[in-house]
Amino acid sequence: MTDESKIIDGRGLAKKIEERVKYEVEGLKKSTGVVPGLATILVGDDPASNMYVRLKHKACDRVGINAEDHKLDASISHQELLALIESLNLREDIHGILLQLPLPSHLDAQEAMQTIIPTKDVDGFHPCNVGKLLIGDEQLVPCTPAGIIKALEEYGVEIEGKNAVVVGHSNVVGKPMAAMLLNRNATVSICHVYTDDLKRYTKEADILIVATGVKHLIKADMVKDGVVIFDAGITEEDGKVYGDVDFENVSKKASLITPVPGGVGPMTIATLLTHVVIAAKHFAGQRTHLYK
Ligand code: GUN
């Protein structure tokens, strides 16, 4: 295996997914007249969130999904935010609603997420979709872990029976990631900021997923030879982005590893597009098993 072949090509994989989504968008339009529509909601002017939403819109444009941008002032009231979500819930031309996180602290993110109707919850954050994930019925699930599962499949990585270690226990990545790995019969450990002796766990990992936002938390002496690593962390410093893994040194031991940038990020966005199509198909009556 050459050094290049062990680096997971997130951009290449995203491109493949986009081609498939574009084909499906065209097919849906032809057969039903439905054009998938995504509404994004961005509250405030956090530069990173702004950039993520912009990338999501560009991806929608590339595949023929109508994307509508709702940029709200940071001072918006909670009631105004809920009213916007409720109006989008009722729209027939909007099939997915994405509320970019984090929200300003005066807004209740949990309540806002729960106001999005589950069939339009393309982020998979609504408790109904989280519950479905936990019982093994994965439809609209969080995009980052879903993209990682897709990459594991594409690269032919066996999950069943493997030791999978997830570092980070957020609702966005860590917890749903652990559930998805468990659904595929991995033996899963979840580590987090309170874990004593992190290395004891990471050393045992056949598959290591890291999503903490701590630059270069994972060093070469913390992993075993041949490990498969997904790095979902992003830290910006002086205009450069860093992952949670010390890529230069850790990559020497890994059999497969994602770079930052160009790894998990593009796969997350491509997965979001697939979720908008699933939601639009559900609306068009083509797939009724989202909610029975
Ligand atoms: N903020 C960071 N990651 C995400 C994500 O996947 N979805 C949303 N809505 N906000 C985020």
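For the structure, see preceding data.
Note that the structure is predicted; figures quoted are calculated from it, not measured.

S.K.: How should I be thinking about unusual backbone geometry in this particular structure?
M.R.: Across residues other than glycine, the phi torsion is negative in most instances, and most of the peptide bonds are trans. Pro102 follows Leu101 through a cis peptide bond whose omega is 0 degrees. Looking along the chain, the bond that leaves Val260 and enters Pro261 is cis, with omega of 0 degrees. With respect to the element layout, Pro261 can be found in the loop between strand S10 (256–257) and helix H10 (264–283). The backbone phi angle of Asp197 is positive, close to 60 degrees, even though this residue is not glycine. Within the secondary structure, Asp197 sits in the loop between strand S5 (187–191) and helix H8 (198–202). Unusually for a residue other than glycine, Asp238 sits at a positive phi of about 50 degrees. Following the sequence through the fold, Asp238 ends up in the loop between strand S8 (235–237) and strand S9 (240–242). Asp238 sits in the exposed class, given a relative accessible area of 80%.

S.K.: Could you clarify how one ought to interpret the sheet that holds strand S3 (residues 96–99) in this entry?
M.R.: Strands pair in a sheet through their backbones, by hydrogen bonds, and they do so in one of two ways: parallel or antiparallel. Spatial ordering of the open sheet is given by S2-S1-S3, a layout of three strands whose pairing is parallel. Of all strands in the sheet, those with a lone pairing partner are strand S2 (66–72) and S3, marking the two edges. This sheet shows a mean twist of 15 degrees between the axes of neighbouring strands, independent of strand direction.

S.K.: Can you help me understand the site of the ligand in this one?
M.R.: Around the ligand, the neighbouring residues are Leu98, Leu99, Gln100, Leu101, Asp123, Phe125 and Val172. Within the side chain of Asp123, one N or O atom sits 2.6 Å away from a nitrogen atom of the ligand. When isolated, the ligand has an accessible area of 280 Å², and the protein chains bury 80% of it. For the shell around the ligand, the residue count by class is five nonpolar, one polar and one charged.

S.K.: Would you take a moment to explain helix H2 (residues 47–63) for this structure?
M.R.: An α-helical turn contains 3.6 residues, so any two residues separated by three or four positions project in the same direction. Compared with an ideal rise of 1.5 Å per residue, which puts 17 residues at 24 Å, H2 spans 25 Å between its outermost C-alpha atoms and is within 8% of the ideal. Taken residue by residue, H2 has Ser49, Asn50, Val53, Lys56, His57, Ala59, Cys60 and Val63 as its buried positions. At the exit of H2 stands Gly64, carrying a positive phi of roughly 90 degrees.

S.K.: Would you mind showing me how to read the state of the cysteines here?
M.R.: Each disulfide consists of one covalent bond between the sulfur atoms belonging to two cysteines. The full count for this structure, using the stated rule, is zero disulfides. Among the cysteines around Cys60, which has no disulfide bond, Cys143 carries the closest sulfur, lying 11 Å off.

What counts and what doesn't
Residues numbered from 1 in each chain as written. Predicted model: local features only at pLDDT ≥ 70, side-chain atom pairs only at ≥ 80, totals over all residues. Heavy atoms only, no water. Helix = DSSP H or I, 4+ residues; strand = E, 2+ residues; numbered from the N terminus. Buried < 20%, exposed > 50% of the residue type's maximum accessible area, 1.4 Å probe, protein only. Pairing = 2+ DSSP bridges. Axes fitted to C-alpha atoms, helices over the stretch in contact; angles between N-to-C directions. Near = heavy atom within 4 Å. Polar contact = N/O pair within 3.5 Å; in protein donor to acceptor, adjacent residues only side chain to side chain. Areas by Shrake-Rupley, 256 points an atom, 1.4 Å probe, with all protein chains shown as cover. Nonpolar A, V, L, I, M, F, W, Y, C, P; charged D, E, K, R; others polar. Expected span 1.5 Å × (residues − 1). Disulfide = S-S within 2.5 Å.

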